[in-house]
Amino acid sequence: MKIVVGISGASGAGLGLKFLQALPHEIKKHLIVSEHASIVLDKEENITLHQNNEIWASVASGSYGADAMIITPCSMNTLAKIACGIADNLITRAAAVMIKERRTLVLAPREIPFSPIALENMHKLSMMGVIIAPPVLAYYGDQEDLESMENFMIGKWCDLLGIPNNLYKRWDDSHA
């Protein structure tokens, strides 16, 4: 499996990295970072680091065959560009390719509250098949600290991408 992870905006970039680190080693990972979220990663983690201005990179082409993409965190600027079809950097170009190729694209917008414009853009993207999955907590998972809360969100994102995981306590009959 090949996964593209985009990290836009500096706030919450650590959650994007934690998601990346939670992925199984055998998954081929491509990381695209915006100028405000520049991160250096070791090649031994099976990560290809792309600068956001590398519009010619492999993940900018549908023929590369990436299976899925997640942008976490997803800034409102990036979300708006994707909703309007603006592909002026590698993150937005790779997202446009996922939509064009009808592959899984998950956006994790972090900013709250959502403006009417952001909600309209999310609705538009959702109607195209894009999954809008902001980092929202659940209260049934017995999260006791920040790490367990983050693991819950990362586990849910993995679920959406079809990546098996045991990062959070799942609902069962004992909660009924």
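One numbering rule holds for all chains: residues counted from 1, following each sequence as written. This being a predicted model, a pLDDT of at least 70 is required before a residue's local features are given, and a value of 80 or more before pairs of side-chain atoms are given or counted; all residues contribute to the totals for chains, interfaces and linings. Hydrogen atoms and water are omitted, and side-chain values are computed over all heavy atoms in the structure.

Another point: the side chain of T72. Here a strand is any run of E in DSSP of at least two residues, a helix any run of H or I of at least four, and the numbering for each starts at the N terminus. Relative to the assigned elements, T72 resides in strand β4 (residues 68-74). Once you skip the residues sitting within four places of it in the chain, T72 turns out to touch G6, I7, G16, F19, A108 and W157. Only heavy atoms enter the contact rule, under which two residues are in contact if any of them lie within 4.5 Å.

Here the focus is the pairing of β4. Counting buried positions along β4 gives 7 out of 7 residues, so the element sits mostly inside the fold. A two-sided burial pattern is seen for β4, the buried positions comprising A68, I70, T72 and C74 on one face and M69, I71 and P73 on the other. Any two strands with at least two DSSP bridges between them are considered paired. As judged from the 4 bridges shared by strand β1 (residues 2-7) and β4, these two strands associate in the parallel manner. Among the inter-strand pairings, V5 is bridged to a residue of β4, identified as I70. Relative accessible area decides the class of each residue, using a 1.4 Å probe on protein chains only: under 20% of the type maximum gives buried, over 50% gives exposed, and in between gives partly exposed.

What follows deals with the packing of helix α2 (residues 76-84) against helix α3 (residues 90-100). With their axes 10 Å apart at the nearest point, α2 and α3 run at an angle of 45° to one another. One element, α2, and the other, α3, form an angle in the oblique class. In terms of crossing hand, the pair formed by α2 and α3 is right-handed. Across from T78, K81 and I82 in α2, the residues of α3 making contact are I91, T92, A95 and I99. Here the axes come from fitting lines to C-alpha atoms, over the contacting stretch only for helices, and the angles between their N-to-C directions go from 0 to 180 degrees. Should an angle lie under 35 degrees it is considered roughly parallel, over 145 roughly antiparallel, and from 65 to 115 roughly perpendicular; all remaining angles are considered oblique. Each helix crossing is assigned a hand: it is left-handed if the near helix lies turned anticlockwise from the far helix by less than a right angle, otherwise right-handed if that turn is clockwise.

Moving on to the side chain of N89. Mapped onto the secondary structure, N89 falls in the loop between α2 and α3. The exposure class assigned to N89 is buried, which follows from its relative accessible area of 14%. A distance of 3.5 Å separates polar atoms of two side chains, one belonging to N89 and the other to D88. With residues near it in sequence (within four places) discarded, N89 still touches N52, I55 and K81. In the analysis that follows, any N or O atom pair within 3.5 Å is treated as a polar contact, provided that within protein one partner can donate a hydrogen and the other can accept it, and provided that, for residues neighboring in sequence, both atoms belong to side chains.

Looking now at the confidence of the model for the protein. Averaged over all residues, the pLDDT of the protein is 87; the fraction at 70 or higher stands at 87%. Considering only residues more than four positions removed or in separate chains, one finds that residues 39-45, a stretch of pLDDT under 50, has 14 contacts. Confidence of the predictor at the level of single residues is given by pLDDT, which spans 0 to 100.

Think of a pair of aromatic rings as described by two things: how far the centres are apart, and how the planes are tilted against each other in angle. Between the rings of Phe, Tyr and Trp (Trp by its six-membered ring), a pair exists once the centres lie within 6.5 Å; its type follows the angle of the planes, with under 30 degrees stacked, over 60 edge-to-face, and the other angles tilted. Counted under the stated rule, the structure contains 2 aromatic pairs. Summarising the aromatic geometry, the rings of F19 and W157 are spaced 6.2 Å apart at their centres and angled 70° between planes, so their arrangement reads as edge-to-face. Separated by 138 residues along the polypeptide, F19 in helix α1 (residues 13-22) and W157 in helix α5 (residues 146-160) bring together distant segments of the chain. The exposure class assigned to F19 is buried, which follows from its relative accessible area of 0%. Considering the side-chain rings of F152 and Y168, the 5.0 Å spacing of their centres and the 75° angle between planes classify their relative orientation as edge-to-face. Of this pair, F152 sits in helix α5 while Y168 sits in the segment after α5; the two residues are 16 residues apart in sequence, bridging distant segments of the chain.

At a closest axis distance of 9 Å, the pairing of α2 and helix α4 (residues 116-127) adopts a crossing angle of 45°. The orientation of α2 with respect to α4, classified from their angle, is oblique. Crossing angle aside, the handedness with which α2 passes α4 is left-handed. In this structure, α2 contributes M76, L79, A80, I82, A83 and C84 to the contact, and α4 contributes A118, N121, M122, K124 and L125. When residues are grouped by polarity, Ala, Val, Leu, Ile, Met, Phe, Trp, Tyr, Cys and Pro land in nonpolar, Asp, Glu, Lys and Arg in charged, and all others, Gly among them, in polar. Looking at the contact of α2 with α4 residue by residue, the classes come out as 9 nonpolar, 1 polar and 1 charged.

A few words on α5. Expected helix span is given by 1.5 Å per residue-to-residue step, counting one fewer step than there are residues. Taking 1.5 Å as the rise per residue, α5 with 15 residues should run 21 Å; its terminal C-alpha atoms sit 21 Å apart, in good agreement. Those residues of α5 that fall on the buried side of the exposure criterion are E150, F152, M153, I154, G155, W157 and C158. Looking one or two places after α5, you find G162, whose phi comes out positive at around 75°.

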